[in-house]
Amino acid sequence: MSTMRSLFMILPIILAITLGLVLPAVVIVLLIRALLKYLRSDDRRSPPEQSRNLGEALKARRAAASYTQEYVAETLGVSRQAVSKWENGTSEPSTANLMALARMYQVTVDELLGG
């Protein structure tokens, strides 16, 4: 494969020199390098991982702690509807509320955000 790759790298340069087209040769070399890098990468072969969104994480943590939406809302000083909107993804909690939720569920903010 390395001989073939070397040929693909040198061929455009030889063509460009003989034709006097230096700039297109550089573009062709860069395109070939990018293509080879893409072909060697595994990202294109594996399907993207499904990541949980914030609402699902909040709901799972609340259920695991056996808290009701009303309890969480009262503890944070927000409405039950706000907690419901956070959990179904209609809206997101403020940074202060997100930090309070993380403390309540005894996890880090990164864990709530899926990191």
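Anyway, here's the lowdown on the structure attached to this text. (Residues numbered from 1 in each chain as written. Predicted model: local features only at pLDDT ≥ 70, side-chain atom pairs only at ≥ 80, totals over all residues. Heavy atoms only, no water.)

### Regarding the pattern of salt bridges
Following the criterion strictly, the structure yields one salt bridge and no others. Between Arg 62 and Glu 87 there is a salt bridge whose closest N-O contact spans 2.6 Å. Of this pair, Arg 62 sits in helix α3 (residues 54-64) while Glu 87 sits in helix α5 (residues 80-88); the two residues are 25 residues apart in sequence, bridging distant segments of the chain. Look at Arg 62 and you get buried, because its relative accessible area is 12%. (Salt bridge = Lys/Arg side-chain N within 4 Å of Asp/Glu carboxyl O. Helix = DSSP H or I, 4+ residues; strand = E, 2+ residues; numbered from the N terminus. Buried < 20%, exposed > 50% of the residue type's maximum accessible area, 1.4 Å probe, protein only.)

### Things to note about a nonpolar patch on the surface
Taken together, the side chains of Leu 35, Tyr 38 and Leu 39 present a nonpolar region at the surface, about 290 Å² in accessible area. Along the polypeptide, Leu 35 turns up in helix α2 (residues 22-40). (Patch = residues over 30% accessible without salt bridge, like charges linked within 9 Å, V, L, I, M, F, W, Y side chains within 5 Å. Areas by Shrake-Rupley, 256 points an atom, 1.4 Å probe, with all protein chains shown as cover.)

### Considerations on the packing of helix α4 (residues 69-76) against helix α6 (residues 95-104)
Their axes nearest at 11 Å, the elements α4 and α6 cross at an angle of 120 degrees. As the angle between them shows, α4 and α6 are arranged oblique. You can see that α4 and α6 cross each other, and the crossing is right-handed. Contacts between α4 and α6 involve Val 72, Thr 75 and Leu 76 on the former and, on the latter, Asn 97, Ala 100, Leu 101 and Met 104. (Axes fitted to C-alpha atoms, helices over the stretch in contact; angles between N-to-C directions. Parallel < 35°, antiparallel > 145°, perpendicular 65-115°, else oblique. Left-handed = near helix turned anticlockwise from the far one by under 90°. Contact = heavy atoms within 4.5 Å.)

### Describing the packing of aromatic side chains
One pass over the full model with this rule turns up two aromatic pairs. Judged by centre distance (4.8 Å) and plane angle (45 degrees), the rings of Tyr 67 and Tyr 71 are tilted. For Tyr 71, a relative accessible area of 41% gives the class partly exposed. With centroids separated by 6.2 Å and ring planes inclined at 25 degrees, the aromatic side chains of Tyr 67 and Tyr 105 adopt a geometry described as stacked. Residue Tyr 67 is found in the loop between α3 and α4, and its partner Tyr 105 is found in the loop between α6 and α7 (109-113); the two are separated by 38 residues along the sequence. Note on Tyr 67: relative accessible area 26%, which makes it partly exposed. Owing to a relative accessible area of 9%, Tyr 105 belongs among the buried residues under this scheme. In this structure an aromatic cluster arises from ring pairing among Tyr 67, Tyr 71 and Tyr 105. (Phe/Tyr/Trp six-rings, centres within 6.5 Å; stacked < 30°, edge-to-face > 60°.)

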